[in-house]
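Working through the structure, step by step
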Amino acid sequence: MKLQRKNRLRTLSLGAVAVSSALALTACGSDDAGTEAGGDSSSAASNSNIDCGDASGQLQASGSSAQKNAVDAWVKQFAAACKDVQINYKPDGSGAGITAWLQGQTGFAGSDSALDADEVKESQSTCTDGQGINLPMVVGPIAVGYNLEGVDNLVLDAPTLAQIFDSKITNWNDEAIKKLNPDAELPDLKIQAFHRSDESGTTENFTKYLQAAAPDDWKYEPEKAWAAKGGQSAQGSSGVAQGVSSTAGAISYMEMSYAKEGISTVAIKTGAAEPVEVNTENATKSLTEAKVVGTGKDLALELNYTPEAEGAYPITLVTYEIVCDKGNKAETLPATKAFLNYAASEDGQDLLSDAGYAPVPDEIITKVRETLANLS
């Protein structure tokens, strides 16, 4: 149980803890990216099933850092099969990714939250005779990671988390935390709460959870930009992960694949009988309650942040790849379609579990494949 609760995840060695602002993944591939995702034994099979089509040249993309490890794994396989394509994905946050895409700088954007109404309207200038659509491609549990020596098993609930991240609970031996962890030796130590400094879909999804599950304690509207006062900020998922792993008493929210050595993970108390551990299986249980709320070719999802089913982990995000339904950039459309077709394929989705993610449910990913086939 101790090892399970700590959830020391395997991650891709290019690294959740690197604080670099970007990673260029070329057709030469990275020796490290995706080494564990898929494994050497399946590489040849995965490569042989990739249809490169007419793809060639460079494909620029940017956005969600939460999906970086999934993109690493996909690019490793895709680059080995499609040697005429060079893919450069910059994990600079969902907000920056959407902005770059709307400005015509990239072939697609990665975002942990769907386009809002204003962004859809703006996208009509980017997409010739079309508009931006959201294609769910990755399911990522959002871990609450912490660094507290001697405390291997920690349970928190939504009200307590809301007060911690709103600077209302500031010490680890606070009575609210003691009540949830009667057997833990909680130290008299200041809580160091980290949040994202950049606009982030992970922030938006985490605060959606706080608002839904603890409305009396979290009064801020969910946004990509952090709204609460206090705490410390860091750039990207890798930045907050680095902050937690190097700071005694730290806590933050991060995509699960970034919770690696030096970071333990919180079990979340929900309406279920037992606190729920963060893992891909439990995230999938929660996602079965998601609903498609997008119209037409748009596949934006509405998640349930207050599941009561046993083992349903309540804090998840879905990473969307954002493209035009019509009017994509002609010079990058073949590469965009080929790469995203692979990411949505059975082989591409199969890589996700080993990288610390959950695949998109069959009924939804089938619609994604149908939409990709008709992109123009």
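Up top is the structure these notes are about.
Calculation rules
- Chains are numbered independently. Their residues run from 1 in the order of the written sequence.
- Side-chain atom pairs in this predicted model are given and counted only at pLDDT of 80 or more, local residue features only at pLDDT of at least 70, and totals for whole chains, interfaces and linings cover all residues.
- Hydrogens and water are ignored here; the side-chain numbers use all heavy atoms of the structure.
- For Phe, Tyr and Trp, rings pair up if their centres lie within 6.5 Å, where Trp contributes its six-membered ring, and each pair is then called stacked (planes under 30 degrees apart), edge-to-face (over 60) or tilted (otherwise).
- For helices the rule is a DSSP run of H or I covering at least 4 residues; for strands it is a run of E covering at least 2, with both sets numbered from the N terminus onward.
- Throughout, exposure labels follow a simple rule: accessible area from a 1.4 Å probe, protein chains only, divided by the maximum for the residue type, with under 20% read as buried, over 50% as exposed, and the rest as partly exposed.
- Polar contact criterion, stated in full: a pair of N or O atoms within 3.5 Å, where within protein one must be able to donate a hydrogen and the other to accept it, and residues adjacent in sequence count only if both atoms are side-chain atoms.
- Any two residues having at least one pair of non-hydrogen atoms within 4.5 Å are treated as being in contact.
- Whether two strands pair comes down to DSSP finding at least two bridges between them.
- Note on terminology: pairs of cysteine sulfur atoms within 2.5 Å are recorded as disulfides.
- Put simply, a salt bridge is a Lys or Arg side-chain nitrogen that is within 4 Å of an Asp or Glu carboxyl oxygen.
- Every crossover in which the path from the first strand over the helix to the second runs clockwise, viewed with the strands pointing away from the viewer, is termed right-handed.
- Here a cavity denotes a set of grid points, spaced 1 Å apart and computed over the protein atoms alone, in which a 1.4 Å probe fits but from which it cannot get out, and a pocket denotes an open set meeting protein on both sides within 12 Å along at least five of seven lines; residues with an atom within 4 Å of a point are reported as lining.
- Grid points are joined across faces, edges and corners, and a volume is the space filled by probe spheres set on the points.
- Polar here means any residue other than Ala, Val, Leu, Ile, Met, Phe, Trp, Tyr, Cys and Pro, which are nonpolar, and Asp, Glu, Lys and Arg, which are charged; Gly is therefore polar.
- As used here, the arc belongs to the directions running from the helix axis to the C-beta atoms.
- Here, nonpolar core refers to any group of buried Ala, Val, Leu, Ile, Met, Phe, Trp, Tyr and Cys residues whose side-chain atoms link them within 4.5 Å.
- The convention used is that axes are lines fitted to C-alpha atoms, helices contributing only their stretch in contact, and that angles between N-to-C directions extend from 0 to 180 degrees.
- For classification purposes, an angle smaller than 35 degrees is called roughly parallel, one larger than 145 roughly antiparallel, one from 65 to 115 roughly perpendicular, and anything else oblique.
- Helix crossings are classified by the rotation of the near helix relative to the far one: an anticlockwise turn of less than a right angle makes the crossing left-handed, while a clockwise turn makes it right-handed.

**Regarding the packing of aromatic side chains**
Enumeration over the complete set of coordinates arrives at 11 aromatic pairs. Taken together, a centroid distance of 6.0 Å and an interplanar angle of 65° make the contact between Phe165 and Tyr253 edge-to-face. In this pair, Phe165 sits in helix α6 (residues 158-165) while Tyr253 sits in strand β8 (residues 250-255), placing the two residues 88 residues apart along the sequence. You'll find Phe165 and Tyr253 in the same group, each marked buried. Here the aromatic cluster, defined as three or more aromatic residues joined through ring pairs, consists of Phe165, Phe206, Trp218, Tyr220, Trp226 and Tyr253.

**A short note on the side chain of Thr270**
Take Thr270: it is sitting in the loop between β10 (267-269) and α10 (280-287). Here Thr270 falls in the buried class, since its relative accessible area comes to 16%. At 3.1 Å, the side chain of Thr270 forms a polar contact with the backbone nitrogen of Ala272. If near-sequence neighbours (up to four positions away) are discounted, Thr270 is found in contact with Val276, Pro307, Ala312 and Pro314.

**Re the environment of Leu148**
Topologically, Leu148 is positioned in the loop between β4 (132-146) and β5 (155-157). A C-alpha to C-alpha distance of 9.1 Å links Leu148 and Leu189, two positions 41 residues apart in sequence.

**Topic: the pairing of β4**
Extensive coverage of β4 is indicated by the burial of 15 of its 15 residues. Sheet topology places β4 next to strand β13 (residues 316-324); 9 bridges connect them, and they run antiparallel. Paired with Asn134 across the two strands is Ile322, which belongs to β13. Relative to β8, β4 runs antiparallel, the two being bridged by 5 bridges. Residue pairing for β8: Val144 is matched across the bridge by Tyr253. Of the pairings in the sheet, the one linking β4 to strand β9 (residues 264-265) comprises 2 bridges and is antiparallel in character. Within β9, the residue paired with Tyr146 across the bridge is Ser264.

**Concerning the state of the cysteines**
One pass over the structure, following the stated rule, counts 2 disulfides. Counting only the cysteines that take part in disulfides, in the order they occur along the protein, gives the pairing 1-2, 3-4.

**Describing the pattern of salt bridges**
For the coordinates displayed, the defined rule picks out 7 salt bridges. Put simply, Asp166 and Lys168 hold a salt bridge, and the shortest N to O gap is 3.2 Å. Take Lys168: its relative accessible area is 57%, and that puts it in the exposed class. When the shortest N-O distance is used, the salt bridge between Glu175 and Lys178 registers 3.6 Å. Of this pair, Glu175 and Lys178 both sit in helix α7 (residues 175-180), 3 residues apart, which is roughly one turn of the helix.

**A word on the pairing of strand β1 (residues 57-63)**
In the case of a regular strand, side chains alternate between the two sheet surfaces. Pairing of β1 with strand β2 (residues 85-90) involves 6 bridges; the strand directions are parallel. Bridge pairing in β2 places Gly57 opposite Val85. Between the parallel elements β1 and β2, the chain passes through helix α3 (residues 68-81) in a crossover that is right-handed. In this sheet, strand β3 (residues 108-111) lies alongside β1 in parallel orientation, the contact comprising 3 bridges. Counterpart to Ser62 in the pairing with β3 is Ala109.

**Concerning the layout of surface pockets**
Reported here for the largest pocket is a volume of approximately 390 Å³. Around the largest pocket sit 24 residues that line it, and Ser113, Ala114, Glu204, Lys208 and Lys224 are the ones nearest its centre. Those elements that place two or more of their residues in the lining of the largest pocket are α4 (94-102), α5 (117-126), α8 (201-213), β12 (301-302) and β13. Considered class by class, the residues forming the lining of the largest pocket number 11 nonpolar, 4 polar and 9 charged. Lining the second largest pocket we find 14 residues, and of these Asp51, Cys52, Lys337, Ala338 and Asn341 sit closest to its centre. The element that contributes the greatest number of residues to the lining of the second largest pocket is helix α11 (residues 333-344), accounting for 5 residues. Residues that form the lining of the second largest pocket fall into these classes: 5 nonpolar, 5 polar and 4 charged.

**Description of α5**
Regarding α5, the residues found buried are Glu119, Val120 and Ser123. Each buried residue of α5 sits inside an arc of 100° when the element is viewed along its axis, so together they form one side. Of the exposed residues in α5, those oriented more than 90 degrees away from the buried face are Ala117, Asp118, Lys121 and Ser125. On its buried side, α5 packs onto α4 and β4. For α5, the N-terminal capping position is held by Asp116, with its side-chain oxygen 3.1 Å away from the main-chain nitrogen of Asp118.

**Things to note about the nonpolar core**
Residues Trp74, Met137, Phe165, Ile251 and Phe339 are the most contacted members of the largest nonpolar core, which totals 108 residues. Discounting chain neighbours no more than four positions away, the residues touching Trp74 are Met137, Val138, Glu321, Phe339, Tyr342, Ala343, Gly348, Gln349, Leu351 and Leu352.

**A short note on the packing of α11 against helix α13 (residues 362-373)**
Running from amino to carboxyl end, α11 crosses α13 at an angle of 165°, the nearest separation of the two axes being 10 Å. With respect to α13, the element α11 is oriented roughly antiparallel. The chirality of how α11 crosses α13 is left-handed. Residues Lys337, Leu340, Asn341 and Ala344 of α11 form the contact with α13, whose own contacting residues are Ile365, Val368, Arg369, Leu372 and Ala373. Here the residues of the contact of α11 with α13 sort into 6 nonpolar, 1 polar and 2 charged.

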